[in-house]
Amino acid sequence: MIKSAIFEPNLLHMNPKSILLLVILFLFGITVSAQYTEKINTNRPGTSQGAFSVGNNVLQFEGGFGFGKQKHKLLNTKTNVFNLDYSARYGLLIEQLEIRVNGRFRADGVKQTIGANEEKIKRSNFEVNTIGAKYLIYDPYKRPKKDSTNYDELKSWKARHKFKWKSLIPAVSAYLGANFVSKDNPFTAPNDDPISPKIVIMTQNNWSTSLNGDWVLVTNLIVDKVTTEDPIIGWIVTSTHTINDKWAAFGEYQGQKSDFYSDNILRLGGAYLYHKNLQLDANVAFNFKDTPSIFTVSFGASYRFDWHSKDEIIEQPGLEGGVKEDEKSKEELDGENEGNDEREFDELEEGEGIENDSLKLEKTPFINDFEDDSLRENIEKDLDERRTAERLERERIENEKISKKEDKKFRKEEARRLKREAKEARKAEKEAIQAEKEKQKLVDDIDAELDKMEKEQGVDQELQDIDKELKELEKMEKELELEEEKKNTKQEEKTDKKQTEQKQEEDVDAEYEKYQKEQEKAQKLEEKRLQKEEKKRQKEEKKRQKEEEKRKKQEEKENNTDTDIDKELKEIDL
């Protein structure tokens, strides 16, 4: 499962699939085995890349997060680290080709001690984002030559399970990608190029044993950022071992050399196969130096969307092409068929039965050329139908499980949402009640303050009212005087006109009326004067009363002070 389908023992026995179209000029005629596996094939929890791709038309997401601490002895810093890894892989066009997008986001909290002061710095950015493609160049598990089959060896369990030196030849892949680095990134070298190449050569060995389970050894040789001022040379060695059908353990050693940063890191961890499309994993990482020292704990998962339309045959080595009729006589063929039946029975007892997802090739491990083609075709058709029915049933069961899980998750989220909304409504109601109480309290405080001010400033308000009334009376007097002057002016004009017109008609009555008017005017002015004097008198009386009250309060205060002093003196005398 990790670094290839180590949970899939028959991966070692894949058959040819197609000609390598992209490298036909220099690898003409070489065929490779299929990459697709029944169970998920992921690079996690390590950081290395396996040689095999996810398979044609398969989309796979791998990601995880980690927490850790770093201490730098020379810089006297302590750093809390948070990492978020992501990767998206897709099998494109052919089984051997895979495109990949991956990167890492990092957030640090750095504490640096300078003398007696401690400085805290926060920084975050993507350490790297890479887009590239991986291609399987050589697969040692491809179909062997027709004349290389050792039938005596196939009959012997001991011969079949002894160590084969050929298994040391690894599968080889190459990866070519481009790094994308943001400007002023605190986690990369200064003046690092925004775009730089990355080249990786990957090898992978798969070993399957009946006693010790399955082992996978992956090595990566990395040449990174060769066009920049600080190129990086790196290497990764990863070993993975399946404990059972669900659990696997791994160990990984990673080295890196560059002018900007060099380190050697060891990772240990394991993975759990939840189902064929989902894997969970965890690991710890640490190094062997103190500039800085590193310790990180990480958790992650891998999930794939399996749109692989055609299954591939996985056969046992040596039986891919069947047995030729002209190589043996009919009696020998019958004997070998019996031997093969016994061998297959032994293998089933050992738990090593052959899994055939389909029968794409013309020959199978149990159908020979001397058999009727129609019988072979019927058997192939029947097997394909049964495999398809089983696969559809598995998919139906998985879909039902996923649907139930999603429905349960939806109900839980809905209950949480309703609970959260009810809580927010209660909180809003409490806040509204509290705001109303505070508003009422503020109004009461303002009313009390106004009452107090009215009590303290009652006399002053009365004086102000009197002054205002006096000013209004003075204004009214001026207006009356102006009106009288206007009337007098008009009257004088009329009088002059009449005098001009009727000088002879002037009599004592007109003079008397004029006298009466002057008397009335004088009387009104006298009344206004008396009112004004009365108002002034009242104002003075109010002022006098106010001063008298202040004087009395002052005397009482002084008397109280004298009394207190006398009491203190008496107490001192006593």
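In this text the structure is predicted, and so the values were computed from the model without any measurement. (Residues numbered from 1 in each chain as written. Predicted model: local features only at pLDDT ≥ 70, side-chain atom pairs only at ≥ 80, totals over all residues. Heavy atoms only, no water.)

(A) Representation of the overall build of the chain in the model. Across its full length, the chain carries six helices and 14 strands. Counting only residues that meet the buried cut, the chain has 32% of its 574 residues in that class. Sequence-distant contacts, at least 24 apart, represent 64% of the contacts inside the chain between residues at least 6 apart. Carbon and sulfur atoms provide 54% of the accessible area of the chain, an area that totals close to 37500 Å². (Helix = DSSP H or I, 4+ residues; strand = E, 2+ residues; numbered from the N terminus. Buried < 20%, exposed > 50% of the residue type's maximum accessible area, 1.4 Å probe, protein only. Contact = heavy atoms within 4.5 Å. Areas by Shrake-Rupley, 256 points an atom, 1.4 Å probe, with all protein chains shown as cover.)

(B) The packing of aromatic side chains, seen in detail. Under the criterion given, the structure shown has nine aromatic pairs. Where Phe61 meets Phe305, the ring centres are 6.0 Å apart and the plane angle is 85 degrees; that geometry is what we call edge-to-face. Of this pair, Phe61 sits in strand E3 (residues 58-72) while Phe305 is found in strand E14 (residues 293-306), placing the two residues 244 residues apart along the sequence. Judged by relative accessible area, Phe61 falls into the partly exposed class, the value being 39%. Relative accessible area serves as the criterion here: at 34%, Phe305 is assigned to the partly exposed category. A ring pair is formed by Phe67 and Phe82, whose centres lie 5.3 Å apart and whose planes are at 50 degrees; its orientation type is tilted. Of the two residues, Phe67 is situated in strand E3 and Phe82 in strand E4 (residues 77-91); the sequence distance between them amounts to 15 residues. For Phe67, a relative accessible area of 47% gives the class partly exposed. (Phe/Tyr/Trp six-rings, centres within 6.5 Å; stacked < 30°, edge-to-face > 60°.)

(C) Summary view of the pattern of salt bridges. A complete count under the given rule lists 29 salt bridges for this structure. Close ionic contact of Arg417 with Glu414 constitutes a salt bridge, the shortest N to O distance being 2.2 Å. You can see Arg417 and its partner Glu414 sitting in helix H4 (residues 373-456), three residues apart, about one turn around the helix. Classification of Arg417 as partly exposed rests on a relative accessible area of 30%. Through salt bridges with shared partners, one network takes in Asp85, Arg104, Arg106, Asp108, Arg123 and Glu127. (Salt bridge = Lys/Arg side-chain N within 4 Å of Asp/Glu carboxyl O.)

(D) Broad picture of the side chain of Ser87. With respect to the secondary-structure elements, Ser87 resides in strand E4. Among the polar contacts listed, one links the side chain of Ser87 to the side chain of Arg100, at a separation of 3.5 Å. With sequence-adjacent residues up to four places away left out, Ser87 is seen in contact with Gln60, Phe61, Glu62, Arg100, Val101 and Asn102. (Polar contact = N/O pair within 3.5 Å; in protein donor to acceptor, adjacent residues only side chain to side chain.)

(E) Up close: the pairing of E4. Where E3 and E4 come together, 14 bridges link them in antiparallel fashion. Directly across from Gly68, in E4, lies its bridge partner Val81. A loop of four residues connects E3 with E4, the two strands running antiparallel in sequence, and Asn76 in this loop sits at a positive phi of about 55 degrees. Here 15 bridges tie E4 to strand E5 (residues 97-114), and the two strands are oriented antiparallel to one another. (Pairing = 2+ DSSP bridges.)

(F) Region of interest: the confidence of the model for the chain. Per-chain confidence: the chain averages 77 in pLDDT, with 73% of residues scoring 70 or above. Low pLDDT (under 50) marks residues 312-334, which in the prediction has 63 contacts with non-local residues, meaning those over four places away or in another chain. (pLDDT = per-residue confidence, 0-100.)

(G) Molecular detail of the pairing of strand E11 (residues 247-257). Pairing between strand E10 (residues 232-242) and E11: ten bridges, direction antiparallel. In the sheet register, Trp235 faces E11, and the bridge partner there is Gly255. In this structure, the hairpin formed by E10 and E11 is closed by a connection of four residues. As consecutive antiparallel partners, E11 and strand E12 (residues 263-275) are separated by five residues.

(H) Main features of a positive patch on the surface. Residues Lys69, Lys71, Lys78, Lys111, Lys120 and Lys122 make up a contiguous surface patch of positive charge. Looking at where Lys71 falls in the secondary structure, it is placed in strand E3. Using a relative accessible area of 48% as the deciding quantity, one classes Lys71 as partly exposed. (Patch = residues over 30% accessible without salt bridge, like charges linked within 9 Å, V, L, I, M, F, W, Y side chains within 5 Å. Lys, Arg positive; Asp, Glu negative; His and termini not counted. Charge placed at Lys NZ, Arg CZ, Asp CG, Glu CD.)

(I) Here's a closer look at a negative patch on the surface. A surface patch of negative charge is lined by Asp444, Asp445, Asp447, Glu449 and Asp451. Structurally, Asp445 is set in helix H4.

(J) The arrangement of the environment of Ser87 in detail. For Ser87, a relative accessible area of 7% translates into the label buried. With 24 residues separating them in the primary sequence, Ser87 and Gly63 have C-alpha atoms 6.0 Å apart.

(K) Just unusual backbone geometry, in detail. Following Arg44, the chain continues into Pro45 via a peptide bond in cis, with omega recorded as 5 degrees. Its location among the elements puts Pro45 in the loop between strand E2 (31-33) and E3. With an omega of 0 degrees, the peptide bond running from Thr291 to Pro292 counts as cis. Position of Pro292 among the secondary structure elements: in the loop between strand E13 (278-287) and E14. Phi at Asn57 takes a positive value of approximately 60 degrees, unusual for a residue other than glycine. Summarising the element assignment, Asn57 is placed in the loop between E2 and E3. For Asn57, a relative accessible area of 27% gives the class partly exposed. Its identity as a non-glycine residue notwithstanding, Asn76 has a phi of 55 degrees, on the positive side. Among the structural elements, Asn76 can be located in the loop between E3 and E4.

(L) Seen up close, a nonpolar patch on the surface. A contiguous nonpolar surface patch, about 510 Å² in accessible area, is contributed by Tyr86, Val101, Phe126, Ile131, Phe180 and Ile195. Mapping Phe126 onto the fold places it in strand E6 (residues 117-138). The class for Phe126 is partly exposed, based on a relative accessible area of 36%.

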